[in-house]
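Here's the letter readout for the chains.
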Amino acid sequence: MKKVFLAIFGIFIFILFSFTPKVGQDLMDNPDPTIEEIVKSYKKAITEWPKPNINYGVSWKEFSSIKRDSLYFVKQDRPEVILGKMLFFDPKLSKSDQISCSSCHDPEMGWTDKRRVALGNDHLMGNRNTISLYNIADRKSFFWDGRAQSLEEQASGPLGAHHEMAMDVKILPKKLQKIKGYKVYFQNAYGDEKITYDRIVKALAEFQKTIKSQPSRFDQFIDGKYNALSDKEIYGMHIFRTKARCMNCHNGQNLTDESFHNIGLTYYKREYEDLGLYNVTKKPEDVGKFRTPQLRDLNLTRPWMHNGLFDDLEGIVNVYNSGMHMIDPKPEQKQKDPNYPVTDSMMQPLKLTKDEKSALISFLESLNGTKYKMRRPEFPIK
């Protein structure tokens, strides 16, 4: 009996000691890593990167690089794109003959207007910031509130809105038919000279689909050029993916989930109030939700947010760092007013340090890659 006991005890001791080194190694592998170790963990194939901090149930996509469009100039020579480009820059599409699509989406300004909100017909100010057209072909819906489901549908808004181009879209085809120079372009694009509203917005859409970001240093890094980003920028990317939790909404190739969120900037029943997606769906849970903007070329597309009130990256990082739950309603307030907006639960205090915020900003600035500024075309005058 004693021998059996000693044998069992010996086996137990053997297992314990054989397991101890593994436990010790696991503990050694999981202390707080140094910045140098973090940076090193990203200088490898993206499939081997540290996993991001993603909320349970959130559908997300890993980063992916964009490539330089080798067929860009070929696409620009397509007849429907040539026509769409002319129409996009032609102020004759407006009632006053003074405002074009490019008045708000200027290629010299990152396809925005650099204004807090758009300025249109009769110098009337809009309610929202102009969204850049970079990578617009990849979007699932359009406008800050997603009210358009196609580029063609999106074109109708600015063309007909009184505070934008103020054009009666029903008479726009007749207006262009009087300009003989346009007939050859419609002939080339559609096979005959007939000018219709559907053809106008289709051509505009085909041109806008060619507006894409160019590869940035971020893309070069993903593709294996590991000196394309500085150590600080790589560390900032790690913060973006983990502690700052940015990838819950800003993920995939264009760093957007193509969805809508209330991040606490509703200004409910105050100046600058904007109910966002609720204006489209009329669902109380959609009050204050706005589309997640893409982050590519973001330094070219400032100011930011749906109201254009933010023009400083440090300020935006500080906003997210706060958690933005200062205006959530109390239960009795929500019961009394079902439309009282509730900030998205994914918004949480981040407790980022000064160095972490600085690194995060450096990473965001590395997302800028586009330098090419499109020249304005000559369009028919008469």
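Quantities reported herein were computed from a predicted structural model and do not represent experimental measurements.

Structural notes on the environment of Asp 274
Its location among the elements puts Asp 274 in the loop between β1 (260-261) and α11 (278-281). C-alpha separation for the pair Asp 274 and His 306, spaced 32 residues apart in sequence, amounts to 9.0 Å. The contacts of Asp 274, once residues within four sequence positions are left out, are Arg 128, Thr 266, Asn 279, Gly 288, Phe 290 and His 306.

Description of the domain arrangement of the chain
A common way to report how large an interface is uses the accessible area buried once the components associate. Segmentation of the chain into domains returns domain 1 (35-66 + 215-366) and domain 2 (71-210). Placing a centre on the C-alpha atoms of domain 1 and another on those of domain 2 gives a separation of 30 Å. Taken together, the contacts link 26 residues of domain 1 with 24 residues of domain 2. Across the domain 1/domain 2 interface, buried area totals approximately 1,900 Å², and carbon plus sulfur atoms make up 51% of it. Taken as a group, Glu 258, Arg 291 and His 306 account for 27% of the area that domain 1 buries against domain 2, more than any other trio of residues on that side. With a shortest N-O distance of 2.8 Å, Asp 274 and Arg 128 are connected by a salt bridge. Seen at the junction of domain 1 and domain 2, the total is nine residue pairs in polar contact (both at pLDDT 80 or more). Elements supplying a minimum of two residues to the side of domain 1 that touches domain 2: α11 and β2 (290-291). Taken together, the residues of the side of domain 1 that touches domain 2 sort by class into ten nonpolar, ten polar and six charged.

With respect to the packing of helix α12 (residues 313-322) against helix α14 (residues 354-365)
It is at 10 Å that the axes of α12 and α14 come closest, and there the two elements cross at 125°. With respect to α14, the axis of α12 lies oblique. Like other packed secondary-structure pairs, α12 and α14 cross with a definite hand, here right-handed. The residues of α14 that touch α12, namely those facing Leu 313, Glu 314, Val 317, Asn 318 and Asn 321, are Lys 357, Leu 360, Ile 361, Leu 364 and Glu 365. Looking at the contact of α12 with α14 residue by residue, the classes come out as five nonpolar, two polar and three charged.

Overview of the packing of aromatic side chains
Taken as a whole and judged by the stated rule, the model has 19 aromatic pairs. Arranged with centres 5.2 Å apart and planes meeting at 85°, the rings of Phe 63 and Phe 218 form a pair that is edge-to-face. Of this pair, Phe 63 sits in the loop between α2 (35-42) and α3 (72-76) while Phe 218 sits in helix α9 (residues 217-222), and the two are 155 residues apart along the sequence. Taken individually, Phe 63 and Phe 218 each receive the classification buried, so the pair is uniform in this respect. Above the face of the Phe 143 ring, Arg 147 is positioned so that its terminal group lies 3.7 Å from the ring centre.

Points about helix α10 (residues 231-241)
Judged by how many residues are buried, α10 sits mostly within the fold: nine of eleven residues are covered. Inspection of α10 places Glu 233, Ile 234, Tyr 235, Gly 236, Met 237, His 238, Ile 239, Phe 240 and Arg 241 among the buried residues, and these make up the whole buried set. Next to the buried residues of α10 lie α2, α9 and α14.

Things to note about the state of the cysteines
Throughout the structure, instances matching the rule amount to zero disulfides. Free cysteine: Cys 101, not disulfide-bonded; nearest cysteine sulfur from Cys 104 at 9.0 Å. Overall, the relative accessible area of 15% leaves Cys 101 in the buried class.

Quick word on the packing of α2 against α10
Interhelical geometry of α2 versus α10 gives an angle of 85° and a closest axis separation of 9 Å. One way to sum up the angle between α2 and α10 is to call them roughly perpendicular. Facing Ile 35, Ile 38, Val 39 and Tyr 42 of α2, the residues of α10 in contact are Asp 231, Ile 234, Tyr 235, Met 237, His 238 and Arg 241. Across the contact of α2 with α10, the residue classes break down as seven nonpolar, one polar and two charged.

Reading guide: rules and limits
- Residues numbered from 1 in each chain as written.
- Predicted model: local features only at pLDDT ≥ 70, side-chain atom pairs only at ≥ 80, totals over all residues.
- Heavy atoms only, no water.
- Helix = DSSP H or I, 4+ residues; strand = E, 2+ residues; numbered from the N terminus.
- Contact = heavy atoms within 4.5 Å.
- Domains from an automatic or database assignment.
- Buried area = accessible area lost by both parts, 1.4 Å probe.
- Salt bridge = Lys/Arg side-chain N within 4 Å of Asp/Glu carboxyl O.
- Polar contact = N/O pair within 3.5 Å; in protein donor to acceptor, adjacent residues only side chain to side chain.
- Nonpolar A, V, L, I, M, F, W, Y, C, P; charged D, E, K, R; others polar.
- Axes fitted to C-alpha atoms, helices over the stretch in contact; angles between N-to-C directions.
- Parallel < 35°, antiparallel > 145°, perpendicular 65-115°, else oblique.
- Left-handed = near helix turned anticlockwise from the far one by under 90°.
- Phe/Tyr/Trp six-rings, centres within 6.5 Å; stacked < 30°, edge-to-face > 60°.
- Buried < 20%, exposed > 50% of the residue type's maximum accessible area, 1.4 Å probe, protein only.
- Lys NZ or Arg CZ within 6 Å of the ring centre and 35° of its normal.
- Disulfide = S-S within 2.5 Å.

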